[in-house]
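A structural walkthrough
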Amino acid sequence: MRLGDLAGKEIININDGARLGVVGETDLNVDSATGAIRSIILPRKGNLLNLWAERHELVIPWESVKKIGMEVILVELDQATPKFGKYLV
């Protein structure tokens, strides 16, 4: 599968059916030596009031990807312990 084949696919958590985002609005952490995807990074959407504030991102390890379909990517995440990172806008 090529990286371009992932574009436009919606990411769904199979544990709770939550729609997490769409590839294309995300970043991918790629191993520069092997070209393997390490994780999918989803920015948390903010509103206009916190446009310049610190935001968080949801990091989905590639091991959590369970199935890639024609329209969706199914991931298995325990929402009780999400992995959030910080980044500044």
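We now turn to the structure provided with this report. (Residues numbered from 1 in each chain as written. Predicted model: local features only at pLDDT ≥ 70, side-chain atom pairs only at ≥ 80, totals over all residues. Heavy atoms only, no water.)

1. Some points on the pattern of salt bridges
Side-chain pairs of opposite charge can arise whenever the charged atoms involved come near each other. Counting across every chain of the model gives three salt bridges. Across the pair glutamate 10 and arginine 19 runs a salt bridge whose closest N-O atoms are separated by 2.6 Å. The closest approach of N and O atoms between lysine 66 and glutamate 76, which form a salt bridge, is 3.9 Å. Placement of the pair is lysine 66 in strand E6 (residues 65–68) and glutamate 76 in the loop between strand E7 (72–75) and strand E8 (84–88), with a sequence separation of ten residues. When its relative accessible area of 38% is taken as the criterion, glutamate 76 is described as partly exposed. (Salt bridge = Lys/Arg side-chain N within 4 Å of Asp/Glu carboxyl O. Helix = DSSP H or I, 4+ residues; strand = E, 2+ residues; numbered from the N terminus. Buried < 20%, exposed > 50% of the residue type's maximum accessible area, 1.4 Å probe, protein only.)

2. Regarding the nonpolar core
Grouped together as the largest cluster of nonpolar side chains are 13 residues, with contacts concentrated most on Ile11, Leu20, Ile60, Ile73 and Val75. With three residues, the top contributor of residues to this core is strand E4 (residues 37–43). (Core = buried A, V, L, I, M, F, W, Y, C linked by side-chain atoms within 4.5 Å.)

3. Here's the deal with the pairing of E7
Residues Ile73 and Val75 of E7 are buried on one face, while the alternating residues Val72 and Leu74, pointing to the opposite face, are not. Taken together, the four bridges between strand E1 (residues 10–13) and E7 define a ladder with parallel strand orientation. Looking at E7, one finds that isoleucine 12 is bridged to leucine 74. With three bridges joining them, E6 and E7 adopt antiparallel strand pairing. Directly across from isoleucine 68, in E7, lies its bridge partner isoleucine 73. Between the end of E6 and the start of E7, which pair antiparallel, lie three residues. (Pairing = 2+ DSSP bridges.)

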